[in-house]
Amino acid sequence: MRLTLLPLLFAPLLAQGASLVVCTEASPEGFDVVRYNSLTTTNASADVLMDRLVEFDPQSGQLQPGLARSWQVSTDGLVYDFRLREGVAFHHTPWFSPSRTLNAEDVLFSFQRMLDPGHPWHRSAPSGYPHAQSMQLGELIRKVEAVDPLHVRFTLARPDATFLATLSMGFASIYSAEYAARLLAAGTPEKLDSQPVGTGPFVLKRYQKDALVRYLANPDYFAGKPAVDGLVLAITPDANVRLQRLRRGECQIALSPKPQDVRAAQDDPSLAVAATPAFMTAFVALNSQHPPLDRPAVRQAINLAFDRTSYLKAVFENSAQPAEGPYPPTTRSHATDLPGYPHDPAKARELLAGVGLAEGFKTTIWTRPGGSLLNPNPTLGAQLLQADLAQVGIQAEIRVIEWGELIRRAKAGEHDLLFMGWAGDNGDPDNFLTPQFACASVESGLNFARYCDPKLDRLIAEGKRSSDQAERTRLYEEAQKLIHEQALWVPLAHPTAAVLLRKGVEGYRANPFGRQDFGKVRLDR
């Protein structure tokens with residue numbers, strides 16, 4: 001029945017010949033991107049609606065001007081001066097018509113809202129600001145000031161080698177202070193999450209949860225109007241259905257394909273594949289605050305019980321590299337000598353017996369319903385882990401939870417074992433360590449292992465402060481060894497970022513971070 005309704009559902013989308021339709025795997029949590037941490041939400045908000053002071057170009061590996069046309073850093077590394085572009089327009093929408101272009105007040109609002117507990121907008125995020133909190137930006141940034149309308153100055157409390165790269169992340173998007181003031185005056189700050197306004201290449205038109213997000217091209221975009229007149233994100237949780245819709249021409253791009261779908265597309269003359277090694281790691285987070293997972297020996301036993309080789313073959317069909325730690329192998333400071341955990345059920349049972357759990361214990365495995373780049377087959381992966389744990393006496397119940405609810409509850413620390421993945425945003429090695437393993441990230445909810453250790457926290461903090469790459473590498477290698485010894489994750493895979501396209505789609509490039517740039521896509525009709 002579901003398939004028979006597809007032509008009717010997509011007919012209005014395809015009637016708009018100049019619209020790009022993209023089949024995506026899940027609904028965004030919202031559009032106020034600073035409140036969320038999932039890639040799905042970043043793709044639907046920061047990537048299409050917003051811009052940042054600086055942008056990271058994955059092809060060159062360099063930071064490039066964004067809303068800031070240039071910047072300077074003081075010799076002591078504490079003062080960053082940004083010169084803004086002139087004449088950058090905010091979106092005109094049915095709910096807001098701006099009276100001015102971008103200026104320094106918008107930058108101040110965007111950061112002070114996150115950093116200043118006394119700011120009138122600070123409490124507008126019910127669950128806080130996960131990235132700003134986990135990266136401790138409130139402690140790092142001493143002051144943000146408008147030197148003049150097109151000149152913004154950040155003063156830091158200490159040098160931080162990651163600061164510029166951090167500003168390219170989705171949560172560092174720049175909002176309209178004028179629009180925010182109107183919402184606050186009207187007593188409707190929550191509309192920032194449902195009726196967003198940005199400076200990006202597309203303007204939100206309509207969102208129908210679990211169905212579609214429709215955008216119009218921004219005719220006033222400072223980098224040039226997109227080549228397509230509109231963009232539609234067609235929310236399609238099932239990877240098989242995404243491929244079917246692509247083949248029928250109901251979408252022109254399909255995200256997060258299964259490995260077998262990539263092979264099928266390569267053999268289909270009407271389709272093409274865009275792919276690049278992903279700067280990502282798939283893992284199972286072990287909640288170190290939930291007994292008996294609070295014992296390192298138990299976490300090590302889970303790692304030893306799991307057959308990664310069978311998992312990679314069954315779930316990724318050997319299209320991904322095996323992971324031994326948090327970093328993809330292309331990461332600077334990647335520890336190449338981590339021994340990994342072999343598949344050794346006998347040793348796992350021995351460790352469990354050594355902590356009084358010879359009879360095993362009960363736990364839960366949380367996963368999402370629909371596949372993604374970092375988890376192509378969630379049900380199969382959870383079943384494989386469940387079966388391996390049963391072999392050493394651990395009885396694990398699988399719980400399949402809708403993506404938005406899964407993220408919300410996992411950030412609250414309700415899970416035991418959690419299938420999850422992390423995509424770096426800017427190529428810096430800290431982009432994995434601070435969000436996933438710093439103590440401040442436990443409070444913000446991004447640290448899914450829920451682990452706080454003073455030694456590990458010190459290594460991460462010192463690595464961020466140092467501008468000496470060799471010293472950073474030494475610190476980060478030590479941190480990776482500690483993470484491995486504590487067995488905070490079951491590292492799974494480093495996937496290939498593949499996207500399926502219909503022939504005639506031009507200008508699309510796969511991004512190793514999973515970010516999406518649809519502003520340069522053209523349709524050859």
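Anything mentioned here points back to the structure above.
Within each chain, residue numbers correspond to sequence positions counted from 1 in written order. Where local features are concerned, this predicted model is filtered to residues with pLDDT of at least 70; where side-chain atom pairs are given and counted, the filter is 80 or more; whole-chain, interface and lining totals use all residues. The basis for every side-chain value is the complete set of heavy atoms in the structure, and neither hydrogens nor water enter the calculation.

Caption draft 1: Geometry of the overall build of the chain. The secondary structure listing takes helices from DSSP runs of H or I that are at least 4 residues long and strands from runs of E that are at least 2 residues long, numbered from the N terminus. If you tally the helices and strands in the chain, you get 20 helices and 21 strands. Computed over its C-alpha atoms, the radius of gyration of the chain comes to 23 Å, within 12% of the 24 Å expected for a compact globule of 525 residues. To sort residues, take the accessible area from a 1.4 Å probe on protein chains only and compare it with the maximum for the residue type: under 20% means buried, over 50% means exposed, and anything in between is partly exposed. Counting only residues that meet the buried cut, the chain has 60% of its 525 residues in that class. Note on contacts: a residue pair qualifies if any of its non-hydrogen atoms lie within 4.5 Å across the two residues. For the chain, the share of sequence-separated contacts (at least 6 apart) that also reach a separation of at least 24 residues comes to 72%. Averaging the coordinates of the 54 positive side-chain charges in the chain and doing the same for the 57 negative ones gives two points 4 Å apart. Here the globule rule is a power law, 2.2 Å times the number of residues to the power 0.38, and the radius of gyration is based on C-alpha atoms. Neither His nor the chain termini are counted; the positive set is Lys and Arg, and the negative set is Asp and Glu. In plain terms, the charge of a residue is placed at NZ if it is Lys, CZ if Arg, CG if Asp and CD if Glu.

Caption draft 2: Molecular detail of the packing of aromatic side chains. Any pair of Phe, Tyr and Trp rings, taking the six-membered ring for Trp, is counted once the centres come within 6.5 Å. Such a pair is stacked with planes under 30 degrees apart, edge-to-face with planes over 60 apart, and tilted for the rest. Within this structure, the stated rule accounts for 18 aromatic pairs. Relative to W121, the ring of F109 lies with its centre 5.8 Å away and its plane at 85°, an arrangement referred to as edge-to-face. Pair noted here: F109 is in helix α4 (residues 104–115) and W121 is in the loop between α4 and α5 (130–134), with a separation of 12 residues, a long-range link. What makes F109 buried here is its relative accessible area of 7%. Among the residues examined, W121 registers a relative accessible area of 2% and is labelled buried. Taking 5.5 Å as the distance between ring centres and 55° as the angle between the ring planes, the aromatic pair formed by F306 and Y311 counts as tilted. For Y311, a relative accessible area of 1% puts it in the buried group.

Caption draft 3: Region of interest: empty space enclosed by the protein. Detection works on a 1 Å grid of protein atoms alone, calling trapped sets that fit a 1.4 Å probe cavities and calling open sets with protein on both sides within 12 Å along at least five of seven lines pockets, with lining residues defined by an atom within 4 Å of a point. Grid points are joined across faces, edges and corners, and a volume is the space filled by probe spheres set on the points. With the rule as written, the count across this model stands at 3 cavities of 30 Å³ or more. Considering only enclosed or pocket space, the largest cavity measures out at about 570 Å³ in volume. Residue lining of the largest cavity: 40 residues in total, with S38, L39, T40, L374 and A423 positioned closest to the centre. Ranked by residues supplied to the lining of the largest cavity, first place goes to strand β17 (residues 417–423) with 5 residues. Classification convention: Asp, Glu, Lys, Arg as charged; Ala, Val, Leu, Ile, Met, Phe, Trp, Tyr, Cys, Pro as nonpolar; all other residues, Gly among them, as polar. Taken together, the residues of the lining of the largest cavity sort by class into 21 nonpolar, 15 polar and 4 charged. What the second largest cavity holds in volume is close to 90 Å³. Forming the boundary of the second largest cavity are 13 residues, of which T24, T40, N43, L233 and L255 lie nearest the centre. When residues of the lining of the second largest cavity are traced back to their parent elements, those giving at least two are α2 (39–44) and β10 (230–235).

Caption draft 4: Main features of the pattern of salt bridges. Salt bridges are identified by distance alone: a Lys or Arg side-chain nitrogen within 4 Å of an Asp or Glu carboxyl oxygen. Under the counting rule described, the total for this entry stands at 25 salt bridges. Among the salt bridges present, the one from D81 reaches R153, with a minimum N-O distance of 2.7 Å. In this pair, D81 sits in strand β5 (residues 79–84) while R153 sits in strand β7 (residues 151–156), placing the two residues 72 residues apart along the sequence. Overall, R153 belongs to the partly exposed group, its relative accessible area being 27%. For R409, the salt bridge identified is with E414, shortest N-O distance 2.7 Å. Members of the salt-bridge network, linked through shared partners, are K455, E471, R474 and E478.

Caption draft 5: Region of the structure containing the sheet that holds β5. One requirement defines pairing of two strands: DSSP has to find at least two bridges between them. With antiparallel pairing, the 4 strands of this open sheet are ordered in space as β4-β5-β7-β6. Each edge of the open sheet carries a strand with a single partner, namely β4 (68–73) and β6 (141–148). Direction aside, neighbouring strands of the sheet carry axes that sit 20° apart on average. Relative to β7, β6 is paired through 6 bridges, and the arrangement is antiparallel. Within the sheet, the bridge partner assigned to D148 lies in β7 and is H151. Between the N-to-C directions of two axes lies an angle of 0 to 180 degrees, each axis being a line fitted to C-alpha atoms and, for a helix, fitted only over the stretch in contact.

Caption draft 6: Representation of the nonpolar core in the model. For the purposes of this section, nonpolar cores are sets of buried Ala, Val, Leu, Ile, Met, Phe, Trp, Tyr and Cys residues that join through side-chain atoms within 4.5 Å. One finds F111, F154, Y215, I253, Y508 and F518 to be the most contacted residues of the largest nonpolar core, which totals 74 residues. Ranked by residue count, the leading element in this core is α4, at 7 residues. Residues in contact with F518, not counting those within four places in the same chain, are L20, V22, V48, F202, L231, L233, I253 and Y508. Membership of the second largest hydrophobic core comes to 40 residues, among which are A282, A320, L352 and V392.

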